[in-house]
Amino acid sequence: AAGVIQSPRHLIKEKRETATLKCYPIPRHDTVYWYQQGPGQDPQFLISFYEKMQSDKGSIPDRFSAQQFSDYHSELNMSSLELGDSALYFCASSPDPSSGNTIYFGEGSWLTVV
Amino acid sequence: KQEVTQIPAALSVPEGENLVLNCSFTDSAIYNLQWFRQDPGKGLTSLLLIQSSQREQTSGRLNASLDKSSGRSTLYIAASQPGDSATYLCAVRYWDSSYKLIFGSGTRLLVRP
């Protein structure tokens, strides 16, 4: 079965650079979530989209932005990168969240800021 | 503040043991609770989803229970195997119209051959 696809899987950037992560949800899933997991930490919610509109916002820095496109894929844009942004970034998807369905996670994108 | 706590933080058991992982949450107004498995450096694999109206869910050797009144969920793993070694995370979604999951810190499980 198709899963959540994230790209790139690994990314190395220098401080103050910009990075873009992409997420392709499971087909027919209209909700996308972004999470950040620092080393040894539990995943922290960043932002979510439902039907291409932002549905919830968590601890996402102002330097980060995200959007969901007409084909339901999503991109997380991170600017002015800092060393502390080094983390595993997960994308997850689900059908209409009001139905309480399982949320499926991708394999994650490893971002290292040097 | 909505918090999710998992105890123990780490667990080492010999192969074949039955074990219980605990998850507690501070707000009983939960929408559902999901258990995940995470292998080192890997993604999150969904194991079980329990809706707030349910008391337990089973999948193979895994059984998860939910007690909203006490703010607890347990993940029971029967006849543990070395392949079960991983970090197990519970995550709660609340009824506050937010779609996000709030994660516990996880229990790091090692099953020794």
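Reading the values: the criteria
Residues numbered from 1 in each chain as written. Chains lettered and ligands numbered in written order. Predicted model: local features only at pLDDT ≥ 70, side-chain atom pairs only at ≥ 80, totals over all residues. Heavy atoms only, no water. Helix = DSSP H or I, 4+ residues; strand = E, 2+ residues; numbered from the N terminus. Rg over C-alpha atoms; globule rule 2.2 N^0.38 Å. Buried < 20%, exposed > 50% of the residue type's maximum accessible area, 1.4 Å probe, protein only. Contact = heavy atoms within 4.5 Å. Lys, Arg positive; Asp, Glu negative; His and termini not counted. Charge placed at Lys NZ, Arg CZ, Asp CG, Glu CD. Buried area = accessible area lost by both parts, 1.4 Å probe. Nonpolar A, V, L, I, M, F, W, Y, C, P; charged D, E, K, R; others polar. Phe/Tyr/Trp six-rings, centres within 6.5 Å; stacked < 30°, edge-to-face > 60°. Disulfide = S-S within 2.5 Å. Core = buried A, V, L, I, M, F, W, Y, C linked by side-chain atoms within 4.5 Å.

(A) Local environment of the overall build of chain B. Tallying secondary structure elements over chain B gives zero helices and 11 strands in all. When its helices and strands are written in sequence order, chain B yields β-β-β-β-β-β-β-β-β-β-β. At 14 Å, chain B has a C-alpha radius of gyration in line with the 13 Å of a compact globule built from 113 residues. Considering chain B as a whole, with its 113 residues, one finds that 47% of them fall into the buried category. Pairs at least 24 residues apart make up 56% of the contacts formed inside chain B by residues separated by at least 6 positions. Side-chain charges in chain B split into 11 positive and 9 negative, and the spacing between the mean points of these groups amounts to 4 Å.

(B) Up close: the interface of chain A and chain B. With 23 residues of chain A at the interface, the matching set in chain B holds 21 residues. Surface buried jointly by chain A and chain B totals about 1700 Å² across both partners, of which 55% is contributed by carbon and sulfur atoms. Of all the secondary structure elements, the ones that give two or more residues to the side of chain A that touches chain B are β4 (31-37), β5 (44-50), β6 (53-57) and β9 (87-94) of chain A. The residue inventory of the side of chain A that touches chain B, partitioned by class, reads 11 nonpolar, nine polar and three charged.

(C) Highlighting the packing of aromatic side chains. Residue and element names in this part refer to chain A. Summed over the entire model, instances satisfying the criterion amount to eight aromatic pairs over all chains. Ring centres of Tyr 35 and Phe 105 lie 5.4 Å apart, and the angle between their planes is 50 degrees; on these two criteria the pair is classed as tilted. Of this pair, Tyr 35 sits in strand β4 while Phe 105 sits in strand β10 (residues 104-105); the two residues are 70 residues apart in sequence, bridging distant segments of the chain. Given a relative accessible area of 9%, Phe 105 falls into the buried group.

(D) Geometry of the state of the cysteines. Residues and elements named next belong to chain A. Under the counting rule described, the total for this entry stands at two disulfides over all chains. The disulfide that involves Cys 23 links it to Cys 91, with 1.7 Å between the sulfurs. Taking the torsion about the S-S bond as the criterion, the Cys 23 to Cys 91 disulfide, at about -60 degrees, is left-handed. You can see Cys 23 sitting in strand β3 (residues 19-24) and its partner Cys 91 sitting in strand β9, a full 68 residues away along the chain. Under the relative-accessibility criterion, Cys 23 is labelled buried at 0%. Exposure remark for Cys 91: the relative accessible area of 0% places this residue in the buried category.

(E) Quick peek at the nonpolar core. In this structure, Val4(B), Phe25(B), Leu33(B), Trp35(B), Leu75(B) and Ile77(B) are the most contacted members of the largest nonpolar core, which totals 24 residues. Among the secondary structure elements, those contributing two or more residues to this core are β3 (19-25), β4 (30-38), β5 (44-51), β7 (62-67), β8 (72-77), β9 (86-94) and β11 (107-112) of chain B. Among the elements that take part in this core, β9(B) stands out by supplying five residues, more than any other. The contacts of Val4(B), once residues within four sequence positions are left out, are Cys23(B), Ser24(B), Phe25(B), Cys90(B), Val92(B), Tyr94(B), Ile102(B), Phe103(B) and Gly104(B). In this structure, Ala19(A), Ala66(A), Met78(A) and Val113(A) belong to the second largest nonpolar core, which totals 22 residues.

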